Amino acid sequence: MADSSTQSIIIGAPPDQVAAVICDFASYPEWTEAVRRTEVVEEYEDGYASQVRFTIDAGVMADEYVLAYGYAEDLSRIEWHLVAPSRMQKAQRGSYDLVGNPDGTCTVTYTLEVELSVGMIGMFRRKAEKMIMDTALKQLKRRVEAAGAA
């Protein structure tokens, strides 16, 4: 498996509000630029998604894949892995770790590990991962804080 990359951001909302946005897979196409469509394939008994199909189009990379999700009981950690290789990915593992701060904000740490089906020089892969993570965290922050202001 590839090396993992980690990035963090502070979001102006408590962890439960951040987790609610992360777990609302149906709304991802509304706020995540590369996600064209999502479909919850399976759910746990508590209603949280256990498998989600994603259709993405990020210009140079278009793909369709299914991720399996697991959750900490208090939703302080949401993690996933690729169910089966896709056209563009051999493997993917990731997680969001949510930590509440005394001022009512939440520090979100995003960890991502992707092994592509196509060869890519390490330097370019790391740059692409950083860009993907940076964009994902900024879009998550914008969505959560906009919902809190509404």
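Shown above is the structure to which this text applies.
Analysis parameters
- Residues numbered from 1 in each chain as written.
- Predicted model: local features only at pLDDT ≥ 70, side-chain atom pairs only at ≥ 80, totals over all residues.
- Heavy atoms only, no water.
- Phe/Tyr/Trp six-rings, centres within 6.5 Å; stacked < 30°, edge-to-face > 60°.
- Helix = DSSP H or I, 4+ residues; strand = E, 2+ residues; numbered from the N terminus.
- Buried < 20%, exposed > 50% of the residue type's maximum accessible area, 1.4 Å probe, protein only.
- Core = buried A, V, L, I, M, F, W, Y, C linked by side-chain atoms within 4.5 Å.
- Contact = heavy atoms within 4.5 Å.
- Salt bridge = Lys/Arg side-chain N within 4 Å of Asp/Glu carboxyl O.

Novice: Just to check I follow, could you spell out the packing of aromatic side chains for this structure?
Specialist: On inspection of all chains with the given rule, the structure shows 13 aromatic pairs. Measuring from ring centre to ring centre gives 5.6 Å for Phe54 and Tyr65, while their planes differ by 20°; the resulting arrangement is stacked. Taken together, the residues Phe54 in strand β3 (residues 49-57) and Tyr65 in strand β4 (residues 62-71) connect sequence positions 11 residues apart. The exposure classification of Phe54 matches that of Tyr65, with both residues buried. Site record: aromatic cluster; members linked through ring pairs are Phe25, Tyr28, Trp31, Tyr44, Tyr48, Phe54, Tyr65, Tyr69, Tyr71, Trp80, Tyr96 and Tyr110.

Novice: Is there a simple way to think about unusual backbone geometry in this case?
Specialist: With the exception of glycine, most residues fall at negative phi, and the peptide bonds are largely trans. The backbone phi angle of Leu75 is positive, close to 60°, even though this residue is not glycine. Tracing the backbone shows Leu75 in the loop between β4 and β5 (77-82).

Novice: I keep staring at the nonpolar core and nothing clicks. Help me out?
Specialist: Side chains of nonpolar character tend, in soluble globular proteins, to be buried together. Membership of the largest hydrophobic core comes to 38 residues, with the highest contact counts inside it found for Val18, Phe54, Tyr96, Val108 and Leu140. Per element, the largest residue contribution to this core is 6 residues, and it comes from strand β7 (residues 106-116). Setting aside chain neighbours within four positions, we find Phe54 in contact with Phe25, Tyr28, Val35, Arg37, Thr38, Asp63, Glu64, Tyr65, Leu67 and Tyr69.

Novice: Help me understand the pattern of salt bridges in this model?
Specialist: Proximity of charged atoms lets side chains of opposite charge pair with each other. In the structure shown here, the tally under the stated rule is 7 salt bridges. Ionic pairing is found between Arg53 and Glu39, a salt bridge with its closest N-O pair at 3.3 Å. A residue pair is termed long-range when its members are at least 10 positions apart, and Arg53 in strand β3 and Glu39 in strand β2 (residues 35-43) qualify at 14 residues. Accessibility expressed as a relative area gives 41% for Glu39, which makes it partly exposed. Two residues, Arg77 and Asp97, come together in a salt bridge whose shortest N-O distance is 2.7 Å. Of this pair, Arg77 sits in strand β5 while Asp97 sits in strand β6 (residues 89-100), and the two are 20 residues apart along the sequence. Relative accessible area serves as the criterion here: at 33%, Arg77 is assigned to the partly exposed category. A single salt-bridge network, built from bridges that share partners, covers Arg77, Glu79 and Asp97.

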